[in-house]
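Here's the letter readout for the chains.
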Amino acid sequence: MKKLKIIFASLLTLSLLASGMSAHESVDIRINGADTEIGALLIGTTTYVPFDTANDALSFGTAQVSGTTEEMHAVTPFASITARADGCYLEAEGRYIGGSKSIVVSGMLYVPIRSLAKAYNADVEWQDSTRSVDLYAREGDSIINGDEYYSSDEVYWLSRIINAEALGEPLEGKIMVGNVIMNRVRSNEFPSTIYGVIFDREHGVQFTPTANGTIYNTPTEESIIAAKLCLDSYYLSRSAMYFLNPALATSFWIPANRPYLTTIGSHDFYS
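The paragraphs below set out a description of the structure included in this document. (Residues numbered from 1 in each chain as written. Predicted model: local features only at pLDDT ≥ 70, side-chain atom pairs only at ≥ 80, totals over all residues. Heavy atoms only, no water.)

## Here's the deal with the sheet that holds strand 16 (residues 267–270)
Formally: Pairing between strands requires that DSSP locate at least two bridges from one strand to the other. Helix numbers and strand numbers start at the N terminus; a helix is a DSSP run of H or I with at least 4 residues, a strand a run of E with at least 2. Between N-to-C directions, angles cover 0 to 180 degrees, with each direction set by a line fitted to C-alpha atoms, over the stretch in contact for helices.
Strands sit in the order 14-16-15 across an open sheet of 3 strands; the sheet is antiparallel. Looking at strand neighbours, the two that pair on one side only are strand 14 (242–244) and strand 15 (260–264), the edges of this open sheet. Taking each pair of neighbouring strands and ignoring which way they run, the sheet shows an average axis angle of 25 degrees. Summarising the sheet, strand 14 and strand 16 pair through 3 bridges and their orientation is antiparallel.

Okay, here's the thing in structure tokens:
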């Protein structure tokens, strides 16, 4: 068995190097203290697991897995989960769980272990001393479904401000706009609700769509997904508080007064 693992690990390393990805480190996975044969890989700072074998293990052998390396589905008696290659989220019971992007290695779809564990409501512990991962899962458990978890009012307003401000931007740009809203909700310097942040006018109009009416436009599916990712605690930045499109801006108070963070699409983001 060890010899087969060494051969498989060597083949994976060659595959990763050929595709331009950094070399990996094999990681042992335990579930509730028991060893598994999941075959995880540590790439950078993310532990990845094969979608098929990991779902089978976390569902205690009840997962029915189908699909291709580009898109795979797992159905258990308690949950259904979908992952897509190069996607930054998993869909699970109407929830959108964000994380590192899923990847294809040697013809197999690998997903971030923390994203998949969240779908099963499982706890994850990285053991640095042994370079291994402990998962604590309960048979038959899964996360609360989206209908119960998301507030329809929060999805309504967050998806609309994302759509109005970032229509035509990449998904990452939409998520960052949503992060700005959520970061302000968490801050003592702004209102404590999504609606309050969006329509805040204590120091003038904060978001142009509330003045020109585009806040009321029907959001695209991607804008709704971005909103749900943000509401499911997916952050590209926990410090982004402001943004602007420098090509369209009429005021440059933000770049003159706030620290620059990054640019995504046509927006510059500031803390």
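## Some thoughts on the sheet that holds strand 5 (residues 64–67)
Formally: Working rule for contacts: check all heavy atoms of both residues, and any pair within 4.5 Å makes them a contact.
Reading across from one edge, 5-6-7-8-9 is the order of the 5 strands in this open sheet, with antiparallel pairing throughout. Two strands lie at the open edges of the sheet, namely strand 5 and strand 9 (95–98), each paired on one side alone. In this sheet, adjacent strand axes meet at a mean angle of 20 degrees when their direction is disregarded. Taken together, the 5 bridges between strand 6 (residues 71–75) and strand 7 (residues 80–84) define a ladder with antiparallel strand orientation. Across the sheet, Glu-71 pairs through a bridge with Arg-84, a residue of strand 7. Across the sheet, helix 2 (residues 51–58) touches strand 5, strand 6 and strand 7, and the angle it forms with strand 6 is around 15 degrees. On the sheet, helix 9 (residues 221–231) packs against strand 8 (89–92) and strand 9 and is oriented at approximately 70 degrees with respect to strand 9.

By themselves, these figures tell us nothing about what the structure is for.
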